[in-house]
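# Report on the structure
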Amino acid sequence: MEILVCIKQVPDDSVEVHLKPDGTPDIDKIDKVVNAFDTYALEMATRLKEAVGGEITVVSVGGDSVRDALKNCLSVGADHAYRLTDPAFAGSDTLGKALLLARAKTWLEKKSGKPFDLIFCGLMATDRPSGQTGAELAEILGAGLITGIVDISYKDGVISAQQETDSGYNVVETAAPCVVTVNRPAYDPRYPTIKSKLAAKKMPIDAIPLAELGMDGTKVGAAAARTRTVSFTEPPKKAAGIKINEKDQAESARKLVAMMVKAKVL
Amino acid sequence: MDREHKDVLAYVEVSDGKPVNVGLELLTCARSIADGAGGKVLAVLIGSGLDAAVKKVAASGVDRVIVVTDPAYTAFRQDEYTSVLERLIRRYEPAVVLTGNTSLSIGLAPRLAARFESGCVADVTSVRRENGRLIWLTTRYCGTVLANEVITNSALQFATVRPGSFSKPETSKTAAPVEKISVAVPADTVRTKIRDTVQKISETVNLEDADVVVAGGRGMGSAENFKLVEKLAALLGGVVGATRPVIEDGWISRAHQVGQSGKIVSPRLYIACGISGATQHVTGMTSSRFIVAINKDEDAPIFEIANVGVVGDVMKVLPVMMEEIRKIKTEA
């Protein structure tokens, strides 16, 4: 089974983001990590590879810094990594990125001579929770799409995925090629070992520039973007709440209930 | 464009014969966009056994209800519904298409946007019109930042609406006309098949609809202690919520998860018990109207968004709280 995993590098999502004086998000000092949902996607892909054989290629759109993200992926299951790095890609919206990923898929298939059976994406990115890239990629590729899966298996040419629902899950089946978007599975992504980290360090992470993709650049980048952010704001701050901290905790509880009664929420 | 594109096509997802909450909420959003442009709201329902849902939507301030039923549509069918919506968009030529940002609908709008080479904004919490163009407010970074987005170079505007962001429309006295349409979906566009639908939990956990949510975090200490959260929820007629670590520890089923990889809730009252307030959790409950937090760590970030917080041990505070609430209930 040939697997492509699309990943995005994002600011650590456990850090609260504020705006800089110029009104843009202040993310420069926040650690860059692989989008949490993409780490779930890679883990699921790796388990599938371990079960049925094959290879995993990871790809990401971004600047030089995505090397680090891709290196991490190489240390936890990926066999090959490529980055879509070109000044012409800057400012692409999700549709532009999906187009780049679709072209990269074709380019990679030509290079290896092996078509991808499955394309994994995270359900959404934690920096911009749009959940669009995987769906748009499926559409551009004319491939099947299963969103929000929590497990996957492959047998006799049939891909079978568990798609989470409010009360359980759907078992959705399809044939390759297919795009899946991954929600949090029941298991945690594995950690790299010292050995796997060292091995990943030695592996190449080549850039695929625009010229290689057989497109002229009018469909990607800021000028082609169909969505544009005009400004950022911070959500209105909640007025500072009341903190009760009595020595006697029962007293605190009684005060709390009295306040809830006053606020008419009981 | 030779035609006037002013209408809003609003897809109302139906589950168990009822419109899902955000399906109704987005009609409020659709109404305001349509009114600003002098256009109409066309609500679309797809599935089977839709009669009750259609009736509800027809009385929700829309101009027309378009119904596509097929006995084969017993569960949400991604490929078929995408194709049905594509046909309806070609036929009715709306300016704006809205869908709910739900676990099943999440792929519809972006797929259609790619099909129509149009722009799509996701997780919209509000929309306004400025100088004739729509400005969509969307969330970033776990909701700690909001972005004003516009769609350009695009005939159509697609948007997915965040659950709990708009109020449901009031029931109107007159019902909108209902149009039943059959759409033949080309077989070659159907690539996935739902083989089985598995119900893991017997009870329906309707967190998004809940008036009161009582949620517990790892600070509850153990599965045994977590039962107190359930008891308080029962006492208040609320629904139990939980953070991701609690789900991972198996104290309660995944259906109860609130936050980034769980549900987005906005109840009238949210009681956070032993929850520190990680951004991944807070993004799912920050729009609750009244937030109560109980945590032993005075510096827990949950206190920054709580209306009232108690610094203390949940195991000591919750029992007294419940006793007090019971007293009030018997007095009333």
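Small disclaimer: the values here were computed from a predicted structure and weren't measured.

This part is about the nonpolar core. Across soluble globular proteins, you tend to see nonpolar side chains buried next to one another. Core analysis: the biggest nonpolar cluster contains 128 residues, and A:Val5, A:Phe120, B:Ala10, B:Ala43, B:Val44, B:Leu45 and B:Leu98 have the highest contact counts within it. If we ignore the near neighbours within four places in the chain, the residues touching B:Ala10 are B:Leu26, B:Leu27, B:Ala30, B:Val41, B:Leu42, B:Ala43, B:Val44 and B:Leu98. In this structure, B:Val214, B:Val229, B:Ala300 and B:Ile302 belong to the second largest nonpolar core, which totals 54 residues.

This part is about the environment of B:Ile106. With respect to the helices, strands and loops of the structure, B:Ile106 is situated in the loop between strand E6 (96-100) and helix H4 (108-115). Measuring from C-alpha to C-alpha, the distance between B:Ile106 and B:Thr160 comes to 7.5 Å, with 54 residues separating the pair along the chain. With residues near it in sequence (within four places) discarded, B:Ile106 still touches A:Gly131, A:Thr147, A:Gly148, B:Asn101 and B:Thr160.

Now for the domain arrangement of chain B. Residues and elements named next belong to chain B. Splitting chain B by domain gives domain 1 (8-189) and domain 2 (212-331). The gap between the C-alpha centroids of domain 1 and domain 2 is 33 Å. Per-class residue counts for the side of domain 1 that touches domain 2 are two nonpolar, three polar and one charged.

Here we take up the domain arrangement of chain A. Entries for chain A in the domain assignment read domain 1 (2-224) and domain 2 (241-266). Here the C-alpha centroids of domain 1 of chain A and domain 2 of chain A sit 47 Å apart.

A word on the packing of helix H6 (residues 249-262) of chain A against helix H9 (residues 314-331) of chain B. Contact geometry for H6(A) and H9(B): axes closest at 8 Å, N-to-C directions at 45 degrees. When the axes of H6(A) and H9(B) are compared, the pair comes out oblique. Note that H6(A) runs across H9(B); the crossing there is right-handed. Within the contact between the two elements, H6(A) uses A:Gln249, A:Ala250, A:Ser252, A:Ala253, A:Arg254, A:Leu256, A:Val257 and A:Val261 and H9(B) uses B:Lys316, B:Val317, B:Val320, B:Met321, B:Glu324, B:Ile325 and B:Ile328. Here the contact of H6(A) with H9(B) is composed, by residue class, of ten nonpolar, two polar and three charged.

Cut-offs used in this document
As a convention, each chain's residues are numbered from 1 in the sequence order in which they are written. Following the order in which they are written, the chains are lettered starting with A and the ligands numbered starting with 1. Given that the model is predicted, a residue must reach a pLDDT of at least 70 before its local features are reported, and side-chain atom pairs must reach 80 or more before they are shown or counted; all residues, however, enter totals for whole chains, interfaces and linings. Linking buried Ala, Val, Leu, Ile, Met, Phe, Trp, Tyr and Cys residues through C-beta atoms within 7 Å yields a set, and such a set is a nonpolar core. Field definition: a residue is buried when 20 or more other C-beta atoms are found within 10 Å of its C-beta, exposed when 12 or fewer are, and partly exposed for counts in between, with C-beta atoms placed from the backbone. What counts as a contact here is a pair of residues whose C-beta atoms, placed from the backbone, lie within 7 Å. Helical segments are the DSSP runs of H or I of at least four residues, strand segments are the runs of E of at least two, and each set is numbered from the N terminus. Each domain's extent is set by a domain assignment, obtained either automatically or from a database. Three categories are distinguished: nonpolar for Ala, Val, Leu, Ile, Met, Phe, Trp, Tyr, Cys and Pro, charged for Asp, Glu, Lys and Arg, and polar for the others, with Gly belonging to the last. In this description, a line fitted to the C-alpha atoms serves as the axis of each element, helices being fitted only across the stretch in contact, and the angle between N-to-C directions of two axes falls anywhere from 0 to 180 degrees. Each angle is binned into one of four classes, with values under 35 degrees roughly parallel, values over 145 roughly antiparallel, values of 65 to 115 roughly perpendicular, and all other values oblique. Left-handed describes a crossing in which the near helix is turned anticlockwise from the far one by less than a right angle; the clockwise case is right-handed.

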